[in-house]
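# Observations on chain architecture
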Amino acid sequence: MGFFTLDEAQAQLSPGGNFGPWIWELKLKAEHISAEEVRLRLPFGDHIARPGGVVVGQAMMAMADTIMVLAICEKLGRFATLATISQTTNFLRAAVQQDVIGVARAVKVGRSTAFGEVGLYVDGSSDPIAQVLSTFAVLPDGVGAFNRADQR
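### Thoughts on the overall build of the protein
On a plain count of helices and strands, the protein comes out with 3 helices and 6 strands. Counting from the amino terminus, the protein carries its helices and strands in the arrangement α-α-β-β-α-β-β-β-β. For 152 residues, the compact-globule estimate of 2.2 N^0.38 gives 15 Å, and the C-alpha radius of gyration of the protein, at 15 Å, lies within 12% of that figure. Principal-axis analysis of the C-alpha atoms gives the protein an extent of 45 × 45 × 30 Å. Relative to its full complement of 152 residues, the protein shows a buried share of 42%. Considering only contacts within the protein whose residues lie at least 6 apart along the sequence, 60% involve residues at least 24 apart. The distance from the centre of the 13 positive side-chain charges to the centre of the 15 negative ones in the protein is 7 Å.

Encoded structure:
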């Protein structure tokens, strides 16, 4: 058995979970979680669409960042404090009035750094619409403060 059940992962994505209100507003749905991969659905809605129904990249990038946190925590077997170091997104084609499916894999998880990849797809297609590579800092347990840009 893994760290998260689907219900526990969904609770993290919902109001009261460990993610912020802007993530709750995406209405992400947990569909699969295992040590090998995590799959989430970003339901289409006007709140994440440009005129014409194109899903905005910002929503997909927020989804990719969020799904990687779940994938890394699942691999670690605990809810760790993580900080995004880098995220590179290559958009391959548009999602138009369709749900977006994200599939994340924690490629390497070390004591202080984790690397992952996310494939984004429109519902019902195996052709990727975006690919995302991420690097996260794995912070020591109990650490909540980050180095702020306005402090030296």
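### Overview of the pairing of strand β5 (residues 113–122)
Two elements, strand β4 (residues 100–109) and β5, share 9 bridges in a ladder whose sense is antiparallel. The partner of G102 across the bridge, within β5, is L120. Between β4 and β5, which follow one another and run antiparallel, lie 3 residues. Relative to strand β6 (residues 128–138), β5 runs antiparallel, the two sharing 9 bridges. Among the inter-strand pairings, F115 is bridged to a residue of β6, identified as T135. Where β5 folds back onto β6 in an antiparallel hairpin, the turn is made up of 5 residues, including G124, whose phi is positive at roughly 90°.

### Points about the sheet that holds β6
As summarised here, the arrangement of the 6 strands in space is β1-β2-β4-β5-β6-β3, forming an open sheet in which the pairing is antiparallel. Of all strands in the sheet, those with a lone pairing partner are β1 (29–33) and β3 (82–91), marking the two edges. Geometrically, the sheet is characterised by an average inter-axis angle of 20° between neighbouring strands, direction not taken into account. Of the strand pairs in this sheet, strand β2 (residues 38–42) and β4 are connected by 5 bridges, and their pairing is antiparallel. Looking at the pairing, R39 lines up with V103 of β4. Along the sheet face, helix α1 (residues 6–13) touches β1 and β2 and points at about 145° away from the line of β1. Across the sheet, helix α3 (residues 57–76) touches β1, β2, β3, β4, β5 and β6, and the angle it forms with β4 is around 45°.

Conventions we followed
- Residues numbered from 1 in each chain as written.
- Predicted model: local features only at pLDDT ≥ 70, side-chain atom pairs only at ≥ 80, totals over all residues.
- Heavy atoms only, no water.
- Helix = DSSP H or I, 4+ residues; strand = E, 2+ residues; numbered from the N terminus.
- Rg over C-alpha atoms; globule rule 2.2 N^0.38 Å.
- Buried < 20%, exposed > 50% of the residue type's maximum accessible area, 1.4 Å probe, protein only.
- Contact = heavy atoms within 4.5 Å.
- Lys, Arg positive; Asp, Glu negative; His and termini not counted.
- Charge placed at Lys NZ, Arg CZ, Asp CG, Glu CD.
- Pairing = 2+ DSSP bridges.
- Axes fitted to C-alpha atoms, helices over the stretch in contact; angles between N-to-C directions.

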